[in-house]
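Chain by chain, the residues run as shown.
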Amino acid sequence: MTDAIIDIDRVTKRYGSHTVLQDLCFSVRPGEKLALIGPSGSGKTTILRTLMTLETIEGGTIRIDGESLFQMERNGRQVPADEAHLHRMRTKIGMVFQLFNLFPHKCVLDNVTLAPMLTKGVRKADAERRAMELLDLVGLADKARAMPAQLSGGQKQRVAIARALALQPRIMLFDEVTSALDPELVEEVLNVMRMLGSTTDMTMLLVTHEMSFAHDFADRVLFFDRGRIVEEGPPEILFTNPTHERTQAFLKKIIAAGQRI
Amino acid sequence: MADWAGYLGLMLDGALVTAKLTVLGCALALPAAFLAGLGRLSRHSAVRAVSVAYIEFFRGTSIFVQLFWAYFVLPLMGVTLTPLQAGVLALGLNVGAYGAEVVRAAVQSIGREQHEACVALNLTRWQSLRHVLLPQAAVVMVPTFCNNAIELLKATSVVSLISLSDLTFQAQVVRSQTGSTALPFLTVLVIYFAYASLISFGMKALERRMTRGLDGLRT
C-alpha cells in the first residue's frame, strides 16, 4: 500500500524475553480514524508509543509518509536514525497521554505555546493567539491563566489535546485518554474528540476501552490480543458480528461489565 | 578595660571576610553543582566520567587537605592564589560536589511522563531540560541547597589555617589579646547564627516563590 500515511511492516517489539508485538503488519490511510481495542497487555499502547518514538523496535519497519521512522539513508545505506531524523519525523505526529502529562509549573496557555515557540520558532504573540483559538475549541479559553493543578481531570485532558494540536500534526495518537477520568468527566473529552474527528482531516489512532465511542468514531477497528491483530473491520461489523472467538469473548466481557456498544 | 569598640571592629572585619567567603563560595558551588550534576546525566561517557571523578574526589577528601592544596601545592605548579581565592576555590568545589548529587537526584526525581511529554512535543534534550525538567527539579533542590549553603558558611572557618582573618580567627585574636573568652565566642556564635538564619530565610522565600501555583492554590 503506497498511499498509506502509516505503514507497519512485520514489527516486533520485546521487553527482555517478553514479546509484546509479534510480526505486526497494518497500515493506515491519510485521514483514517482507527480504534485499537483489546485486553490489557495486548500491545495496543505499545504501538502508539512506538509511533511516537517513545519505544524502539527489535524488528520490522515503520514508515510514516513512506519514510522509515527508525532508519535513515546515509551514503546509500540504511542506518539507524539519528536525533535529527527522529526530530523531523516527530513533527508529523502528536500524542495525548492517559495521565495528561501537562507541565505542572506552567499555566495552561504556556503549556500550549511552549512547543510551537521552541520547535517551530513561532513568535510569542502568534503562538498565544493560536493557543487561545485552540483553547476556545476545547472550551477552556477562560482557563488560559490557570495552573494545571487547578483543573479537573477532564479539563487537563482537553488542555493536553490543545497542546498536541498546537504543533499541527498530521497524525494524532490518543492513548486511553479517558481511562484516568472520573466517569462524569469522560464525555467532555469524548465530545472534543468527536468534534476533531468530524472537522479535521487528521489521521487519528485511538487506544480505548470506550467501546461505544470507538463504534461511533472509528472508520476501522483493530482487535488486538497478545501482540497480534486477531480481527479487524469496520465497527458496525466487528462489534455486532465478530467472527473470531477471542473477539467474541472480549466483547462479551465488556458488555457483562456494563458497557453499551 | 580594653577598647571594646576596637575589638568589635576586629570581629566585624572577620564577619565581612566570612560573608565574602560564603557568598563567593556559593557563587562557585552553584555552577559547579549544575555542571557536574547534569554531567553525570550526560549521554557521553567521557562527560559522565569527568563529573563522577570530580564529585567523588571532592566528597572523598577532606576540606582541610583541599584548602592546603589550593594554597600551598598549586603554587608549586605555578598557580599562586591569594588566601581568599584559595578559600573560595576549595569551599566552592567542595560544596559543589555535594550540590552536584542534589542536582542529579532532583532531575531524576521528575517523572518519566514529563520526559515523554517533551518527546511527544518534539523538544530537544536541551529544551526539555531547560524549560521542563530543570524548573521542576529546582523546586526539589532548594531545601537541600539551603543545607549546603549553611554547611559552606560553617566550613569557612577552616580558612584561618591559611592566614585568612575570618570571623573565627578574629575571635581567637580578641580572646588572646583581652583574655576574655566568653564574650568573643558568644559574639561569634550570634553572628554565625544570624548568617545561617539569613540563608534559611532567603531560601524559604525562594521556595515559596517557586512552588507558587504548583499545589493548585493561586496566591
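Everything numeric here is computed off the predicted structure, so don't read it as measured data. (Residues numbered from 1 in each chain as written. Chains lettered and ligands numbered in written order. Predicted model: local features only at pLDDT ≥ 70, side-chain atom pairs only at ≥ 80, totals over all residues.)

1. Considerations on the overall build of chain B
For step 1, the next point in the chain: Check the secondary structure of chain B and you find eight helices and zero strands.
For step 2, the next point in the chain: Reading chain B from its N end, one meets helices and strands in the order α-α-α-α-α-α-α-α.
For step 3, the next point in the chain: Over its C-alpha atoms, taken along the principal directions, chain B stretches across nearly 75 × 50 × 20 Å.
For step 4, the next point in the chain: Burial status across chain B gives 34% buried among its 219 residues.
For step 5, the next point in the chain: Nonlocal contacts in chain B, meaning residues at least 24 apart in sequence, comprise 77% of its contacts between residues at least 6 apart. (Helix = DSSP H or I, 4+ residues; strand = E, 2+ residues; numbered from the N terminus. Buried ≥ 20, exposed ≤ 12 C-beta atoms within 10 Å, placed from the backbone. Contact = placed C-beta atoms within 7 Å.)

2. Looking at the pairing of strand E3 (residues 33–37) of chain A
Residues and elements named next belong to chain A.
For step 1, the next point in the chain: Of all five residues making up E3, five are buried, and the element is well covered by its neighbours.
For step 2, the next point in the chain: Residue alternation in E3 divides its side chains into two sets, Lys 33, Ala 35 and Ile 37 and Leu 34 and Leu 36, and both sets are buried.
For step 3, the next point in the chain: Of the strand pairs in this sheet, E3 and strand E10 (residues 203–207) are connected by four bridges, and their pairing is parallel. Within E10, the residue paired with Leu 34 across the bridge is Leu 205. (Pairing = 2+ DSSP bridges.)

3. Concerning the sheet that holds strand E11 (residues 220–225) of chain A
All names here are of chain A.
For step 1, the next point in the chain: One open sheet holds the six strands; their spatial order is E8-E9-E10-E3-E11-E12, and the pairing between them is mixed. Strands at the two margins of the open sheet, each flanked by one partner only, are strand E8 (93–96) and strand E12 (228–233). Strand-to-strand twist in this sheet, taken as the mean axis angle between neighbours without regard to direction, amounts to 20°. (Axes fitted to C-alpha atoms, helices over the stretch in contact; angles between N-to-C directions.)

4. Some details on the nonpolar core
For step 1, the next point in the chain: Within the largest apolar cluster, 116 residues are counted, with the highest numbers of intra-cluster contacts made by Leu36(A), Leu173(A) and Leu206(A).
For step 2, the next point in the chain: The element best represented in this core is helix H4 (residues 83–109) of chain B, accounting for 13 residues.
For step 3, the next point in the chain: Counting six residues, the second largest nonpolar core, distinct from the first, contains Tyr7(B), Leu167(B), Val174(B) and Val188(B). (Core = buried A, V, L, I, M, F, W, Y, C linked by C-beta atoms within 7 Å.)

5. Let's talk about the confidence of the model for chain B
For step 1, the next point in the chain: When the pLDDT values of chain B are averaged, the result is 92; 97% of them are 70 or greater.
For step 2, the next point in the chain: Here the predicted complex carries an ipTM of 0.93, next to a pTM of 0.88. (pLDDT = per-residue confidence, 0-100.)

6. What to know about the packing of helix H7 (residues 167–178) of chain B against helix H8 (residues 182–211) of chain B
All names here are of chain B.
For step 1, the next point in the chain: One can describe the packing of H7 onto H8 by two numbers: an axis separation of 9 Å at closest approach and a directional angle of 165°. In terms of their interaxial angle, H7 and H8 are classed as roughly antiparallel. As for how H7 packs across H8, the hand of that crossing is right-handed. On H8, the residues that touch Leu 167, Thr 168, Ala 171, Val 174 and Arg 175 of H7 are Pro 184, Phe 185, Val 188 and Ile 191.
For step 2, the next point in the chain: A breakdown of the residues in the contact of H7 with H8 according to their chemical character gives seven nonpolar, one polar and one charged. (Parallel < 35°, antiparallel > 145°, perpendicular 65-115°, else oblique. Left-handed = near helix turned anticlockwise from the far one by under 90°. Nonpolar A, V, L, I, M, F, W, Y, C, P; charged D, E, K, R; others polar.)

7. Considerations on the interface of chain B and chain A
For step 1, the next point in the chain: Contacts between chain B and chain A engage 19 residues on the former and 22 residues on the latter.
For step 2, the next point in the chain: Those elements giving two or more residues to the side of chain B that touches chain A turn out to be helix H5 (112–120) and helix H6 (125–155) of chain B.
For step 3, the next point in the chain: The leading source of residues in the side of chain B that touches chain A is H5(B), at six residues.
For step 4, the next point in the chain: When grouped by side-chain class, the residues that make up the side of chain B that touches chain A number eight nonpolar, seven polar and four charged.

8. As for the environment of Arg209(B)
For step 1, the next point in the chain: In this fold, Arg209(B) is placed in helix H8.
For step 2, the next point in the chain: Spatially, the C-alpha atom of Arg209(B) lies 9.5 Å from that of Val139(B), the residues being 70 residues apart in sequence.

9. Describing the UniProt feature "transmembrane region" (unreviewed entry) in chain B
Residues and elements named next belong to chain B.
For step 1, the next point in the chain: Under the feature "transmembrane region" (unreviewed entry), the UniProt entry names residues 20–41 and 182–202.
For step 2, the next point in the chain: Secondary structure content for residues 20–41 is 91% helix and 0% strand, and the end C-alpha separation is 32 Å.
For step 3, the next point in the chain: As a span, residues 182–202 carries 100% helix and 0% strand, and end to end its C-alpha atoms are 30 Å apart. (UniProt positions renumbered as here; feature names shortened; annotations may be inferred.)

10. Quick look at unusual backbone geometry
Generally, phi is negative for residues other than glycine and the peptide bonds are trans, each holding for most cases.
For step 1, the next point in the chain: Not every positive phi belongs to a glycine, and Glu176(A) is a case in point at roughly 45°.
For step 2, the next point in the chain: Position of Glu176(A) relative to the elements: it lies in the loop between strand E9 (171–175) and helix H6 (183–199).

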